[in-house]
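The lines below spell out each chain.
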Amino acid sequence: MRQRVGKWLATIAGALATLTAASTVFAHVVVIPDNPTPPTAGAWEQYTMRVPCERTDPTVKIVLKMPQGVQFDDYEPVPGWTVSTSQTGGSQIVTWQATGNGISPGQFMEFPFIASNPSTPGDVAWDAYQYYKDGTIVTWTGPTGSATPHSITQIVSADGTAPVISNARSGSTSSTTDANAPTWSAGWTMADTIILTVSIVSILLSGLALAFALRKDSAK
């Protein structure tokens, strides 16, 4: 009976570990304010775009669409990358292009820049497009909680208060964001919570399976 239970726990733990590995696709491109205090409407802000590489091919280009009311200004040079700006449909587009190997699988890179915040408080959405060496493009433009969400930043008024009703649309026609959905400045979503929960359960079950196996050996 103990042997059967131990095998069952080991099987469940292995399945959860596989699910956790598959769920890493939920890791996403995020734009994070460097200042710990909430970004203020009309102020200059330093942001950092964090880009993970979850595929087997390296990431070689990232295109970031500035939210409505956000004006890109300066950027911090990152070795191995060039930066260019353009205008498309009234929106400012910033492109980081790799001149070397790009971002290798299992790694991430950060791209700091300075931009001016919108003049009115509310939620802004950062639509990002991640290009891989094999030609694959991942569009981080979906709503919060989706497989490919865009990053959300809450802009507050000068007195530090957030608006009662916020608009999380970035002007993109490809996706919308539920303003009532829980968001964090670091880009944490419900998908990330699921991944963390599955990982913890997998570790606990693996520990129980090991304990049963050790107990069986000691009983011999």
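Caption draft 1: Spatial organisation of the overall build of the protein. A tally of regular secondary structure across the protein gives 2 helices and 10 strands. For the protein, the sequential pattern of α-helices and β-strands runs α-β-β-β-β-β-β-β-β-β-β-α. In the protein, buried positions account for 40% of the 220 residues. Pairs at least 24 apart in sequence give 71% of the contacts found in the protein among residues at least 6 apart.

Caption draft 2: Structural context of the sheet that holds strand β7 (residues 108–116). Spatially, 4 strands are ordered β1-β2-β7-β4 in an open sheet, and the strand pairing comes out antiparallel. Because the sheet does not close on itself, it has two edges, and the strands there are β1 (30–33) and β4 (71–75). Neighbouring strand axes in the sheet, compared pairwise and without regard to direction, differ in orientation by 40° on average. Sheet topology note: the strand β2 (residues 44–52)/β7 ladder contains 9 bridges and is antiparallel. Paired with Trp 44 across the bridge in β7 is Ser 116.

Caption draft 3: Region of the structure containing the environment of Val 60. With respect to the helices, strands and loops of the structure, Val 60 is situated in strand β3 (residues 59–65). Separated by 70 residues in sequence, Val 60 and Gln 130 place their C-alpha atoms 8.1 Å apart. Non-local contacts of Val 60, meaning those with residues more than four positions away in its chain, are made with Trp 81, Trp 96, Gln 97, Ala 98, Tyr 131, Tyr 132 and Lys 133.

Caption draft 4: Fine view of the side chain of Glu 45. Within the fold, Glu 45 resides in strand β2. For Glu 45, which is buried and forms no salt bridge, the nearest opposite charge comes from Arg 50, at a distance of 15 Å. A polar contact of 3.4 Å, which involves the side chain of Glu 45, links it to the side chain of Asn 117. Those residues in contact with Glu 45, other than ones at most four positions away along the chain, are Pro 33, Asn 35, Pro 39, Thr 40, Phe 113, Ile 114, Ala 115 and Asn 117.

Caption draft 5: Expanded view of the packing of aromatic side chains. In total, this model carries 8 aromatic pairs according to the counting rule given. For the pair Trp 81 and Phe 111, a centre-to-centre distance of 5.0 Å together with 80° between the ring planes defines the contact as edge-to-face. With Trp 81 in strand β5 (residues 81–88) and Phe 111 in strand β7, the pair connects residues that are 30 residues apart, well separated along the chain. Phe 111 shares its class with Trp 81; the two are buried. Taking 6.1 Å as the distance between ring centres and 50° as the angle between the ring planes, the aromatic pair formed by Trp 96 and Phe 113 counts as tilted. Taken together, the residues span a long stretch of sequence, with Trp 96 in strand β6 (residues 91–98) and Phe 113 in strand β7 at a distance of 17 residues. Across the pair, exposure class does not vary: Trp 96 and Phe 113 are buried alike. We note Arg 55 situated over the ring of Tyr 132; from NZ or CZ to the ring centre the distance is 5.6 Å. Here the basic side chain of Lys 61 rests over the ring of Tyr 131, its NZ or CZ set 4.2 Å away from the ring centre.

Caption draft 6: Representation of the nonpolar core in the model. Grouped together as the largest cluster of nonpolar side chains are 29 residues, with contacts concentrated most on Met 49, Leu 64, Trp 96, Phe 111, Phe 113 and Trp 126. Mapped onto this core, the elements with two or more residues apiece are β2, β3, β6, β7, β8 (122–132) and β9 (137–140). Residue contributions to this core peak at 4 residues, all from β8.

Caption draft 7: The pairing of β5, seen in detail. Here 8 bridges tie β5 to β6, and the two strands are oriented antiparallel to one another. Bridging across to β6, Gln 87 finds its partner in Gln 92. Hairpin connection of β5 to β6: 2 residues between the antiparallel strands, including Gly 89 at a positive phi of 60°.

Caption draft 8: Region of interest: the confidence of the model for the protein. Looking at the protein, pLDDT values average 76 and 60% of them are 70 or higher. By mean pLDDT, helix α1 (residues 2–22) is the weakest element of the protein at 45, and β3 is the strongest at 98. The low-confidence segment residues 11–26 (pLDDT under 50) makes 22 contacts with residues lying over four places distant or belonging to another chain. Considering only residues more than four positions removed or in separate chains, one finds that residues 164–196, a stretch of pLDDT under 50, has 59 contacts.

Reading the values: rules and limits
- Residues numbered from 1 in each chain as written.
- Predicted model: local features only at pLDDT ≥ 70, side-chain atom pairs only at ≥ 80, totals over all residues.
- Heavy atoms only, no water.
- Helix = DSSP H or I, 4+ residues; strand = E, 2+ residues; numbered from the N terminus.
- Buried < 20%, exposed > 50% of the residue type's maximum accessible area, 1.4 Å probe, protein only.
- Contact = heavy atoms within 4.5 Å.
- Pairing = 2+ DSSP bridges.
- Axes fitted to C-alpha atoms, helices over the stretch in contact; angles between N-to-C directions.
- Lys, Arg positive; Asp, Glu negative; His and termini not counted.
- Salt bridge = Lys/Arg side-chain N within 4 Å of Asp/Glu carboxyl O.
- Polar contact = N/O pair within 3.5 Å; in protein donor to acceptor, adjacent residues only side chain to side chain.
- Phe/Tyr/Trp six-rings, centres within 6.5 Å; stacked < 30°, edge-to-face > 60°.
- Lys NZ or Arg CZ within 6 Å of the ring centre and 35° of its normal.
- Core = buried A, V, L, I, M, F, W, Y, C linked by side-chain atoms within 4.5 Å.
- pLDDT = per-residue confidence, 0-100.

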